[in-house]
Amino acid sequence: MIKLKPQFETRHHEARYKSYIIGFVLSIVTTLLAYFFVVNNVWPKEMLIYIVLGIAVVQLLVQAVFFLHLGRGSRLKSITFLFAILIVLVVVIGSLWIMQNLDYNMMHMSPDEMEMYMHQNEGI
Amino acid sequence: MKDIVEETAVQEKKTLGFWIYLMTDCILFATLFATFAVLRNATAGGPGGSELFDLPFVLVETMILLTSSFTVGLAILASTRGLKKQTLFWLGITFALGAAFLAMELYEFNHLVGEGFGWDRSAFLSAFFTLVATHGLHIAIGLLWLGVMIYRLIRFKFKETDIKRLALFGLFWHFLDVVWIFIFSIVYLIGSMA
């Protein structure tokens, strides 16, 4: 009979309050951390970019666990979440990769040269 | 008992359906993020992020949205305990914080356009406005939804459906907060590095 109770009722209220407070504090701390790193230029730019991205991902995980309650409820929730992340990474990294390659290959060409290149190599 | 089981199953399905919507929304934002990332240096001789963005202003915006994400959580917890007044109080705070966030964003947009740095200035600014304003539009729709819920709570008795609707709204609002964290990190923080 106990099993029939809805899942969100089985956890104690205090535990749920605690979960929100921990999530909130961690989010504030990570946001401020990223902000101060950037404002004070703690590291060289190339490194700082990856650190800020890393902090953003940490905060995504914090909010997914403490606010969105990933892992509780339907298993499909986690599966669709992971699938969405996969698509997001393919879209973002794929776009950057392709466009950077394109930029690199088309570099140092004047419009006239480009026209000639297109005519000779692509038949356009 | 059978009713409870069925109702929980139905609610679980509704939550999952809404969750899948959020994930597709996530992919919409991913395409806009990709566009922004590709066009980040395409300023056409115009100003880049380091000249345009006012980081302390954006930090305040971020803190406001983060806090509203927290207060909507408190409203949900109050609603599952059946405390109508407390629920209304936290929802009111959430609405005020959301409205403040939106007002600050509109102020920033207005300021940029007024300076002559609107979406027509460069590809970089087009991508910036598209990404940030799409998030702002979601916030505006969320505020509309929240307003309707607050009205319903004031006007009618506290019902089981209100609690369920509130739980879905909470998911939506937390999701927008997560998207904003990435806008804050990628567009503003990384974008403002000279």
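Just above, that's the structure.
Conventions and cut-offs
Residues numbered from 1 in each chain as written. Chains lettered and ligands numbered in written order. Predicted model: local features only at pLDDT ≥ 70, side-chain atom pairs only at ≥ 80, totals over all residues. Helix = DSSP H or I, 4+ residues; strand = E, 2+ residues; numbered from the N terminus. Buried ≥ 20, exposed ≤ 12 C-beta atoms within 10 Å, placed from the backbone. Contact = placed C-beta atoms within 7 Å. Axes fitted to C-alpha atoms, helices over the stretch in contact; angles between N-to-C directions. Parallel < 35°, antiparallel > 145°, perpendicular 65-115°, else oblique. Left-handed = near helix turned anticlockwise from the far one by under 90°. Nonpolar A, V, L, I, M, F, W, Y, C, P; charged D, E, K, R; others polar. Core = buried A, V, L, I, M, F, W, Y, C linked by C-beta atoms within 7 Å. Expected span 1.5 Å × (residues − 1).

## So, the overall build of chain B
Here's step 1: When you go through chain B residue by residue, the secondary structure sums to six helices and zero strands.
Here's step 2: Reading chain B from its N end, one meets helices and strands in the order α-α-α-α-α-α.
Here's step 3: Sorting the 194 residues of chain B into buried and exposed places 37% on the buried side.
Here's step 4: Here the contacts in chain B between residues at least 6 apart in sequence split such that 84% fall between residues at least 24 apart.

## Here we look at the overall build of chain A
Here's step 1: Scanning chain A from terminus to terminus reveals five helices and zero strands.
Here's step 2: Helices and strands in chain A line up, N terminus first, as α-α-α-α-α.
Here's step 3: For chain A, the proportion of its 124 residues judged to be buried stands at 16%.
Here's step 4: Long-range pairs, those at least 24 residues apart, make up 53% of the contacts in chain A between residues at least 6 apart in sequence.

## Description of the environment of A42(B)
Residue and element names in this part refer to chain B.
Here's step 1: Structurally, A42 is set in the loop between α1 (2-38) and α2 (49-52).
Here's step 2: Sequence spacing of A42 and A123 is 81 residues, and the spatial spacing of their C-alpha atoms is 5.7 Å.
Here's step 3: Ignoring any residue separated from it by four or fewer positions in sequence, one finds A42 in contact with S122, A123 and F124.

## Observations concerning the packing of helix α3 (residues 55-80) of chain B against helix α6 (residues 160-190) of chain B
Residues and elements named next belong to chain B.
Here's step 1: Where α3 contacts α6, the two axes come as close as 9 Å, and the packing angle between them is 160°. As summarised for this structure, α3 and α6 are arranged roughly antiparallel, according to the angle between their axes. As α3 runs across α6, the sense of the crossing is left-handed. Between α3 and α6, the residues in contact are L55, V58, T62, L65, L66, S69, V72, G73, A75, I76, S79 and T80 and D162, I163, L166, A167, G170, W173, H174, D177, W180, F184 and Y188, respectively.
Here's step 2: Broken down by class, the residue content of the contact of α3 with α6 amounts to 14 nonpolar, seven polar and two charged.

## Structural notes on the nonpolar core
Here's step 1: Counting 61 residues, the largest nonpolar core has F33(B), A75(B), F128(B), L131(B), V179(B), I183(B) and L189(B) as its most contacted members.
Here's step 2: Sorting the residues of this core by element identifies α2 (13-39) and α3 (45-66) of chain A together with α1, α3, α4 (84-114), α5 (123-155) and α6 of chain B as the ones contributing at least two each.
Here's step 3: For this core, the leading source of residues is α6(B), giving 18 residues.
Here's step 4: With sequence-adjacent residues up to four places away left out, A75(B) is seen in contact with T87(B), W90(B), L91(B), T94(B) and L166(B).

## Here's the deal with α5(B)
Here's step 1: A rise of 1.5 Å per residue sets the reference length of α5(B), with its 33 residues, at 48 Å; its end C-alpha atoms lie 48 Å apart and thus fit the reference within 8%.
Here's step 2: Taken as a whole, α5(B) has its buried residues at F124(B), L125(B), A127(B), F128(B), F129(B), L131(B), H135(B), G136(B), I139(B), G142(B), L146(B) and L153(B).

## Re the interface of chain B and chain A
Here's step 1: Taken together, the 39 residues of chain B in the interface contact 40 residues of chain A.
Here's step 2: Within the residue set of the side of chain B that touches chain A, elements represented by two or more residues are α1, α3 and α6 of chain B.
Here's step 3: Sorting elements by how many residues they give to the side of chain B that touches chain A places α1(B) first, with 17 residues.
Here's step 4: Its residues assigned to classes, the side of chain B that touches chain A comprises 27 nonpolar, nine polar and three charged.

## Thoughts on unusual backbone geometry
All names here are of chain A.
Here's step 1: Backbone geometry at N41 places phi at a positive 50°, although glycine is not the residue there.
Here's step 2: Examined against the element boundaries, N41 turns out to sit in the loop between α2 and α3.
Here's step 3: One non-glycine residue, H69, lies in positive phi territory at about 55°.
Here's step 4: Mapped onto the elements of the fold, H69 is located in the loop between α3 and α4 (75-105).

## Here we look at α4(B)
All names here are of chain B.
Here's step 1: Taking 1.5 Å of rise per residue, 31 residues should cover 45 Å, and α4 covers 44 Å from first to last C-alpha, within 8% of that figure.
Here's step 2: In the core, the buried residues of α4 are packed alongside α3 and α5.
Here's step 3: Taken from the residues just after α4, G116 is the one with a positive phi, measuring 95°.

## Notes on the environment of A133(B)
Here's step 1: Mapped onto the elements of the fold, A133(B) is located in helix α5.
Here's step 2: Along the chain, A133(B) and M63(B) lie 70 residues apart, while their C-alpha atoms are 18 Å from each other.

## Considerations on the packing of α3(A) against α6(B)
Axis angle and axis distance: for two packed helices, these are the angle between their axes and the distance between the axes, and together they describe the pair.
Here's step 1: Running from amino to carboxyl end, α3(A) crosses α6(B) at an angle of 175°, the nearest separation of the two axes being 10 Å. In this view, α3(A) runs roughly antiparallel relative to α6(B), as classed from their interaxial angle. Facing α3(A), whose interface residues are I49(A), V52(A), L53(A), A56(A), Q59(A), L60(A) and Q63(A), α6(B) presents H174(B), D177(B), V178(B), I181(B), F182(B), S185(B), L189(B) and I190(B).
Here's step 2: By residue class, the composition of the contact of α3(A) with α6(B) is ten nonpolar, four polar and one charged.

Treat this as a map of the structure, not an account of what it does.
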